[in-house]
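Take a look at the letters that make up each chain.
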Amino acid sequence: MTQPSLTQRMLNRVEHYGNKLPDPAVLFIALLAFVWVLSWALSGIDFSAIDPRTGEKVIIHNQLSGEAITNLFSTMVTNFSHFHPVGVVLVAMLGIGVAEYSGFINAGLRSLLAKTSTALLTPLVILIGIVSHTAVDAGYVLVIPLGGVMFYAAGRHPLAGIAAAFAGVSGGFSANFVPSAIDPMLQGISQAGAQILDPKVVLNPLNNYYFTAASSLLITGLGWFITDKVVEPKLADNKLDGDLEDLPKMEALTEKEGKALSYALWSIVAAVAVLIATAVPESSPWRGADGTLTAFTAPLMKSIVPLIFLFFLLPGLVYGITIGKINSSKNFIEGMSTAMSGMGYYLVIMFFIAQFIYSFGQSNLGILLAVNGAEFLKALELPGAVTIVGIIVLTGFINLFVGSASAKWALLAPIFLPMLMQLGISPDLAQAAYRIGDSSTNIITPLMPYFPLVVVFCQRYVTSAGIGTLTAMMLPFSIAFMVCWTIFLLIYWSIGIPLGLQATYQYIGG
């Protein structure tokens, strides 16, 4: 028997001890209690840290006070019902459930795999995950479980497919050759931070586009190597013991299935054509107040998840009706009900995550951590390149506790950007560094709202899979992405290649 490599032994140790952690729901109950106690202990201390968003001192609010406890109880229901990931997952799963129940997804994957070399399956899954950022959070709900299904259908370990998809969707969050809503969101924060020093600074919403597009190739290549050479060999000991009966096998489509799949795909084409036709006119109701389709507040961008629901519901119905699987309204609703029946565990976890995030936000502990970390890095007065590395590492660390990309940057940009501009480092470069740190550790923190969902996906195949299993799978991606992506940025910067589209005015520094 081949002796496991040092890397595999270390990952096995991470998985072993990680799986000894409490159930994710219990873990977040414990974290909620920890936030209460820590906020109580720090609430009487006068901190010198200044919140850059308000210009006022950061005050830790005691979450064990009577007012805080009653506020938590009075908002507990809305904390859960309005928790963004819950709605995203459930609405998308309704449409996906019909598509899966009817056999459309099964047939589509079998057709795709018949045309795709097994050797190219890994980069295909990662690349699809990267592109899914254009649809905001849809990749977590759609691409990650499909990664597992595709690998299983190809005779490979499904957890390796989940890892590859998760690496593309979340680890490569800032690598994309298709612009997404995160670009103008971060640009707006960067511009406001830069204007503290120079009010004339104007940044283009695609100020990192060239770099993120090039990064998509880097992340795909790295993810391909890590999946095939590190993660999948390590998963050999994770035996499949889940319910695998309904998963697709590598069988050729019958003539009837091929005909049904063709009709279903043409229904998607027709739906896309209708969407384009209604979105192109300048007076289109899909457009935002500024007349664009890509603004974060545009109705089109805000409708991504409902559109995913429809774009799976429609072909699922067409396929099911053609194939004979859906022949009554009862079948139609049964498909949705089947999808929802498997989400119970996820909803329990989400309830406690929602309460934790609410209390953590109300306490201001995350703000204190981010501001003090940024001020510490600023006080070191390191050379420009070393400071860039410091921003990446600090962001990656803070990201373990504060998940929102825009919320972290809103805290850090007003501190970092004026300092870096005086060193001759542009806001575009600082933003690119931030994006690397923010992306690289997404995939190893259980505090990321979608992390428990990915654990649930893993348990479909390996019932004993837990936090440790997923962390051990994703740790090699996280380390490789942070190290190699950082080196890539430094080389990119030193050569002088533009990071993205430039505005008419740009701060030169000095």
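Calculation notes
Residues numbered from 1 in each chain as written. Predicted model: local features only at pLDDT ≥ 70, side-chain atom pairs only at ≥ 80, totals over all residues. Heavy atoms only, no water. Helix = DSSP H or I, 4+ residues; strand = E, 2+ residues; numbered from the N terminus. Rg over C-alpha atoms; globule rule 2.2 N^0.38 Å. Buried < 20%, exposed > 50% of the residue type's maximum accessible area, 1.4 Å probe, protein only. Contact = heavy atoms within 4.5 Å. Areas by Shrake-Rupley, 256 points an atom, 1.4 Å probe, with all protein chains shown as cover. Lys, Arg positive; Asp, Glu negative; His and termini not counted. Charge placed at Lys NZ, Arg CZ, Asp CG, Glu CD. Expected span 1.5 Å × (residues − 1). Phe/Tyr/Trp six-rings, centres within 6.5 Å; stacked < 30°, edge-to-face > 60°. Core = buried A, V, L, I, M, F, W, Y, C linked by side-chain atoms within 4.5 Å. Salt bridge = Lys/Arg side-chain N within 4 Å of Asp/Glu carboxyl O. Bend = angle between axes of the 7 residues up to and from the residue. Polar contact = N/O pair within 3.5 Å; in protein donor to acceptor, adjacent residues only side chain to side chain. Axes fitted to C-alpha atoms, helices over the stretch in contact; angles between N-to-C directions. Left-handed = near helix turned anticlockwise from the far one by under 90°. Nonpolar A, V, L, I, M, F, W, Y, C, P; charged D, E, K, R; others polar. Patch = residues over 30% accessible without salt bridge, like charges linked within 9 Å, V, L, I, M, F, W, Y side chains within 5 Å. Parallel < 35°, antiparallel > 145°, perpendicular 65-115°, else oblique.

A word on the overall build of the protein chain
- Secondary structure assignment for the protein chain yields 22 helices and two strands.
- Relative to the compact-globule value of 24 Å for 510 residues, the protein chain shows a C-alpha radius of gyration of 24 Å, a close match.
- Considered along the principal axes of its C-alpha atoms, the protein chain spans approximately 70 × 55 × 50 Å.
- Burial status across the protein chain gives 52% buried among its 510 residues.
- In the protein chain, of all internal contacts separated by at least 6 residues, the share reaching a separation of at least 24 is 82%.
- Of the roughly 22200 Å² that the protein chain leaves accessible, carbon and sulfur atoms contribute 68%.
- When the 23 basic and 27 acidic side-chain charges of the protein chain are each reduced to a single mean position, those positions are 6 Å apart.

Topic: unusual backbone geometry
- Phi at Asn364 takes a positive value of approximately 75°, unusual for a residue other than glycine.
- For Asn364, the position within the fold is in the loop between helix H16 (344–363) and helix H17 (365–380).

Describing helix H14 (residues 304–323)
- Here H14 is 20 residues long and its end C-alpha atoms lie 28 Å apart, about the 28 Å a rise of 1.5 Å per residue gives.
- Of all the positions in H14, only Ile304, Val305, Leu307, Ile308, Phe309, Phe312, Leu313, Pro315, Gly316, Tyr319, Gly320 and Ile323 are classed as buried.
- The positive-phi residue at the C-terminal boundary of H14 is Gly324, with phi of around 95°.

Describing the packing of aromatic side chains
- Counted under the stated rule, the structure contains 14 aromatic pairs.
- An aromatic cluster is defined as three or more aromatic residues linked by ring pairs; in this entry it consists of Phe28, Phe356 and Phe360.

What to know about the side chain of Ser359
- Structurally, Ser359 is set in helix H16.
- Residues within four places of Ser359 in sequence aside, it is in contact with Leu32, Val35, Trp36, Gln63 and Leu72.

A short note on the nonpolar core
- Core analysis: the biggest nonpolar cluster contains 129 residues, and Phe166, Trp409, Phe416, Met474 and Leu489 have the highest contact counts within it.
- Not counting residues within four places of it along the chain, the set of residues in contact with Met474 comprises Ala163, Phe166, Ala167, Ile443 and Ile444.

Some points on the environment of Gly424
- By the element assignment, Gly424 lies in the loop between helix H19 (405–422) and helix H20 (427–440).
- A C-alpha to C-alpha distance of 38 Å links Gly424 and Leu42, two positions 382 residues apart in sequence.

Describing the pattern of salt bridges
- Here the structure, examined in full by the defined rule, presents four salt bridges.
- Across the salt bridge formed by Lys57 and Asp46, the nearest N and O atoms sit 3.4 Å from each other. Of the two residues, Lys57 sits in strand E2 (residues 56–57) while Asp46 sits in the loop between helix H2 (24–42) and strand E1 (50–51), which places them 11 residues apart along the sequence.
- Residue classification places Lys57 among the partly exposed residues on the basis of a relative accessible area of 44%.
- For Asp46, a relative accessible area of 61% puts it in the exposed group.
- One salt bridge connects Glu100 with Arg460, and the closest N-O pair in it is separated by 3.6 Å. Of this pair, Glu100 sits in helix H4 (residues 84–102) while Arg460 is found in the loop between helix H21 (451–459) and helix H22 (467–495), placing the two residues 360 residues apart along the sequence.

Details of H4
- Taking 1.5 Å of rise per residue, 19 residues should cover 27 Å, and H4 covers 28 Å from first to last C-alpha, within 8% of that figure.
- Leu94 marks the point of greatest bend in H4, at about 30°.

Notes on the side chain of Ser174
- Along the polypeptide, Ser174 turns up in the loop between helix H9 (158–171) and helix H10 (182–194).
- A distance of 3.3 Å separates a polar atom in the side chain of Ser174 from a polar atom in the side chain of Arg435.
- Every residue in contact with Ser174, bar those within four places of it in the chain, is listed here: Thr212, Arg435, Ser439 and Trp485.

Some remarks on the packing of helix H6 (residues 121–131) against H9
- Across the interface, H6 lies against H9 with an axial gap of 7 Å and an inter-helix angle of 35°. Seen from above, H6 lies across H9 with right-handed handedness. When H6 is examined against H9, the residues Thr122, Val125, Ile126, Gly129 and Ile130 are found in contact with a partner set consisting of Gly161, Ala164, Ala165, Gly168 and Val169.
- Residue composition of the contact of H6 with H9, by class: six nonpolar, four polar and no charged.

Describing the environment of Leu206
- In this structure, Leu206 sits in the loop between H10 and helix H11 (209–234).
- Sequence-wise, Leu206 and Leu501 are 295 residues apart; in three dimensions their C-alpha atoms are separated by 5.5 Å.

Concerning a nonpolar patch on the surface
- Together, Ile479, Val483, Ile487, Ile491, Ile495 and Ile497 make up an exposed nonpolar region whose accessible area comes to about 540 Å².
- Mapped onto the elements of the fold, Val483 is located in helix H22.
- You can call Val483 partly exposed: its relative accessible area is 45%.

Quick word on the packing of helix H3 (residues 66–81) against H16
- It is at 9 Å that the axes of H3 and H16 come closest, and there the two elements cross at 130°. On the basis of their axis angle, the class for H3 and H16 is oblique. Two packed elements cross with a definite hand, and for H3 against H16 that hand is right-handed. Contact residues: Asn71, Leu72, Thr75, Met76, Asn79 and Phe80 in H3; Leu347, Met350, Phe351, Ala354, Gln355, Tyr358 and Ser359 in H16.
- Among the residues making up the contact of H3 with H16, the classes are represented as eight nonpolar, five polar and no charged.

Side note on the environment of Val149
- Turning to its location among the elements, Val149 is positioned in helix H8 (residues 143–153).
- Each C-alpha atom of the pair Val149 and Thr471 lies 20 Å from the other, and the pair is 322 residues apart in sequence.

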